[in-house]
Amino acid sequence: MVSRPESAPRTTALPEQAVQPRGVTRRQWRSVAKTALGVGLGALALTGFGGSRALKVHTALGLAFVALSLWHVSLYKPHKKNCA
């Protein structure tokens, strides 16, 4: 095992440069998540006009929309708070 000298800087991959599964970058996953949120919101709005026939679909889409929102938020780094 080769040890790193103390003066050598530590290298870490930035999240933008880190490759996600199947060679997709985090930026591309963000774009996919935003598109999915748009499509999901449209479907959710359309099923809202369906009355009692679409109640189960509307409920399932609502839960899926919450899950998509959480996934979308997880693709971003938290902002650093400036403490004085």
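Everything quoted here is computed from the prediction, not taken from an experiment. (Residues numbered from 1 in each chain as written. Predicted model: local features only at pLDDT ≥ 70, side-chain atom pairs only at ≥ 80, totals over all residues. Heavy atoms only, no water.)

**Quick look at the overall build of the protein**
For the protein, the helix and strand inventory stands at two helices and zero strands. For the protein, buried positions account for 12% of its 84 residues. For the protein, restricting intrachain contacts to residue pairs at least 6 apart in sequence, the fraction spanning at least 24 positions comes to 50%. (Helix = DSSP H or I, 4+ residues; strand = E, 2+ residues; numbered from the N terminus. Buried < 20%, exposed > 50% of the residue type's maximum accessible area, 1.4 Å probe, protein only. Contact = heavy atoms within 4.5 Å.)

**Considerations on helix 1 (residues 26-48)**
In this model, helix 1 (23 residues) spans 32 Å end to end at C-alpha, consistent with the 33 Å of a helix rising 1.5 Å per residue. For helix 1, the full list of buried residues reads Arg26, Arg30, Ala33, Leu37, Gly40, Leu44 and Thr47. (Expected span 1.5 Å × (residues − 1).)

**Focus: the packing of helix 1 against helix 2 (residues 55-74)**
It is the contact of helix 1 with helix 2, at a shortest axis distance of 9 Å, that shows an interaxial angle of 160°. Relative to helix 2, the element helix 1 is oriented roughly antiparallel. For the pair helix 1 and helix 2, the crossing hand works out as left-handed. (Axes fitted to C-alpha atoms, helices over the stretch in contact; angles between N-to-C directions. Parallel < 35°, antiparallel > 145°, perpendicular 65-115°, else oblique. Left-handed = near helix turned anticlockwise from the far one by under 90°.)

**So, the environment of Ser74**
Within the secondary structure layout, Ser74 lies in helix 2. Taking the C-alpha atoms as reference points, Ser74 and Arg30, separated by 44 residues in sequence, lie 9.6 Å from one another. A distance of 2.7 Å separates the side chain of Ser74 from the backbone oxygen of Trp71, its partner in a polar contact. (Polar contact = N/O pair within 3.5 Å; in protein donor to acceptor, adjacent residues only side chain to side chain.)

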